[in-house]
Each structure stands twice: as structure tokens, then as C-alpha cells.
Amino acid sequence: MGSGAPDQESALEAGPRGPSSLAIAVAGAAEEGVESGKTDSAEDTRRARDPELFLVAEAYSDVVAVVMGTYDGRRGWILRLAVHPAHRRQGIAGWLVHELENRFRSLGCPRVNLLVMPDNLAGLRFWQALGYLPLPDVLCSKPLQQATT
Ligand SMILES: CC(C)(COP(=O)(O)OP(=O)(O)OC[C@H]1O[C@@H](n2cnc3c(N)ncnc32)[C@H](O)[C@@H]1OP(=O)(O)O)[C@@H](O)C(=O)NCCC(=O)NCCS
């Protein structure tokens, strides 16, 4: 358990645990700000690559929050942070992100980035409260067609 845990019943675990549907269920319950479902297999891949950067918070044995990180050797990326709506504003997300930052630090990661949808005002306020400030960079994206065999 990390220091500053929100309550005695919360527990923090890292790495592959249970089916990916566990994490997706929480992300789905979060409703806004996080897409759920269609990227399950991509997340399985990510978890296999950076298992120590996949964190789950539990209360009374129920998953209440998840966050995933990746480190590309230059920047850390925070992905798919979600807290179940019934457990918000209790410091859980701040606690998870703090723990993830410590893990990035121990990997030698000098800076962490993340993406927030511009209409996700709660998300933007949360990240700003933790010191994550918007940059002028423009996100560019291109869908790749998969090669057929
Ligand atoms: C954003 C989210 C992860 C915050 O989780 P949380 O556990 O409620 O956040 P915390 O309790 O740790 O909040 C820490 C601080 O962030 C700010 N904050 C959090 N939620 C906020 C909100 N809805 N409105 C304004 N400020 C907010 C506050 O400063 C808060 O401190 P305070 O409660 O003492 O005022 C959660 O609302 C969520 O899962 N949202 C849907 C998914 C999402 O948007 N994820 C982020 C995608 S980039």
C-alpha cells in the first residue's frame, strides 16, 4: 500500500491481475473521459509490456479505480485513469497518480505526459490540481490499416 492511502480498506496492486475485463469495467463505469471496450486487446498488450505501471485500487475487495502508464524511454505516458463515480473526490486518483509518478521516477523517467479531451472539465481540473499543465503541442494521428496475411 502506498503512503497517503485514502482509507484503511484501499489496497494498491500493480501488474497483471485477473482478466482485463476487471479494469475495463471500472473504466466503463467512469462513463466520461475514457473509452471502454474496443481497446481491450491493446490494453492487454500494454499491460504485458509495462506490468508495474498498471495500478488498481480496491476498497472492500472491489476495484474502484485504475490507471495505466507506459514509458517509451524518454517520456512517461499516463493512460485511462478512471475512478468509479461512487468513489470520487476522496483522493483516490491523486493517490494512484502519485504512486505511478514514483514508479516512473524509479525507471529514470524525467517527464510525464497525458492527453485530456478538451470538454473533460473535471479531468482538466484534476490534472491541473496535480500540476499537469496544458502544452501548445498539436496532437497528430493517423489510423493504420492492418496488413492482411
Ligand atoms: C478525473 C477523476 C479521475 C478524478 O478522480 P478523483 O478520485 O475524484 O480525484 P481526487 O479525489 O484525487 O481529486 C484530487 C483533486 O483534483 C481536483 N478535482 C477532482 N475532480 C474534480 C472535479 N470533478 N471538479 C473539479 N476539480 C476536481 C480537485 O482539486 C481535487 O481535490 P479536492 O477534492 O480536495 O478539491 C475522476 O473524476 C474520473 O474518473 N473521471 C472520469 C474519467 C476521466 O475523466 N479520467 C481522466 C481522463 S484524462
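All figures in this text were calculated on a predicted structure; none of them were measured in a lab. (Residues numbered from 1 in each chain as written. Predicted model: local features only at pLDDT ≥ 70, side-chain atom pairs only at ≥ 80, totals over all residues. Heavy atoms only, no water.)

> Go over the overall build of the protein chain with me, naming the residues and quoting the values.
When its secondary structure is counted, the protein chain shows 4 helices and 5 strands. Seen in sequence order, the protein chain has helices and strands lined up from the N terminus as β-α-α-β-β-β-α-β-α. In the form shown here, the protein chain has an accessible surface area of approximately 9400 Å², with 52% of it arising from carbon and sulfur atoms. (Helix = DSSP H or I, 4+ residues; strand = E, 2+ residues; numbered from the N terminus. Areas by Shrake-Rupley, 256 points an atom, 1.4 Å probe, with all protein chains shown as cover.)

> Explain the pattern of salt bridges to me, and be specific about the residues and the numbers.
Oppositely charged side chains may form a pair once their charged atoms are brought near each other. Going through the model one piece at a time under the given rule, you end up with 1 salt bridge. Glu 99 is paired through a salt bridge with Arg 103; the nearest N and O atoms lie 2.7 Å apart. In this pair, Glu 99 and Arg 103 are both assigned in helix 3 (residues 92-106), 4 residues apart and thus about one turn of the helix distant. (Salt bridge = Lys/Arg side-chain N within 4 Å of Asp/Glu carboxyl O.)

> How would you sum up the pairing of strand 4 (residues 76-83)? Please name residues and give values.
Among the 8 residues that make up strand 4, 6 are buried, leaving the element largely enclosed by the rest of the structure. By the bridge criterion, 6 bridges tie strand 3 (residues 62-71) to strand 4 in an arrangement that is antiparallel. Of the residues in strand 4, the one forming a bridge with Ala 65 is Val 83. Here strand 3 hands over to strand 4 after 4 residues, with Gly 73 in that stretch at a positive phi of 95 degrees. One ladder, built from 3 bridges, connects strand 4 with strand 5 (residues 112-114); its direction is parallel. Each residue of the ladder has a partner; that of Ile 78, found in strand 5, is Leu 114. Running through helix 3, the crossover from strand 4 to the neighbouring parallel element strand 5 is right-handed. (Buried < 20%, exposed > 50% of the residue type's maximum accessible area, 1.4 Å probe, protein only. Pairing = 2+ DSSP bridges. Right-handed = clockwise from strand over helix to strand, strands pointing away.)

> Kindly report on the pairing of strand 3, identifying the contributing residues and their values.
For strand 3, a buried count of 8 out of 10 residues is recorded, marking the element as mostly surrounded by other parts of the structure. Linking two consecutive strands that pair antiparallel, namely strand 2 (residues 54-59) and strand 3, is a turn of 2 residues; a positive phi of about 50 degrees is found at Tyr 60 within it.

> Which residues make up the nonpolar core, and what values do they have?
Nonpolar side chains tend toward joint burial in soluble globular proteins. Core analysis: the largest hydrophobic core is formed by 23 residues, its most contacted members being Ile 78 and Leu 96. Secondary-structure elements contributing two or more residues to this core are strand 2, strand 3, strand 4, helix 3 and strand 5. Those residues in contact with Leu 96 that sit more than four places away from it in its chain are Leu 12, Leu 55, Ala 57, Ala 65, Val 66, Val 67 and Leu 81. In terms of nonpolar packing, the next biggest core, distinct from the first, is built from 6 residues, Val 56, Val 63, Val 66 and Ala 82 among them. (Core = buried A, V, L, I, M, F, W, Y, C linked by side-chain atoms within 4.5 Å. Contact = heavy atoms within 4.5 Å.)

> Got a sec to walk through the site of the ligand? Specific residues and values, please.
Residues in close proximity to the ligand total 20 residues, the closest being Leu 81, Val 83, Arg 89, Gly 91 and Asn 120. Leu 81 is positioned with one of its backbone polar atoms (N or O) 2.8 Å from a nitrogen atom of the ligand. Between an oxygen atom of the ligand and a main-chain N or O atom of Val 83, the distance comes to 2.8 Å. For the ligand, whose free accessible area comes to 910 Å², the fraction covered by protein is 77%. Every element with two or more residues in the shell around the ligand is listed here: strand 4, helix 3 and helix 4 (121-129). The leading source of residues in the shell around the ligand is helix 4, at 5 residues. (Near = heavy atom within 4 Å. Polar contact = N/O pair within 3.5 Å; in protein donor to acceptor, adjacent residues only side chain to side chain.)

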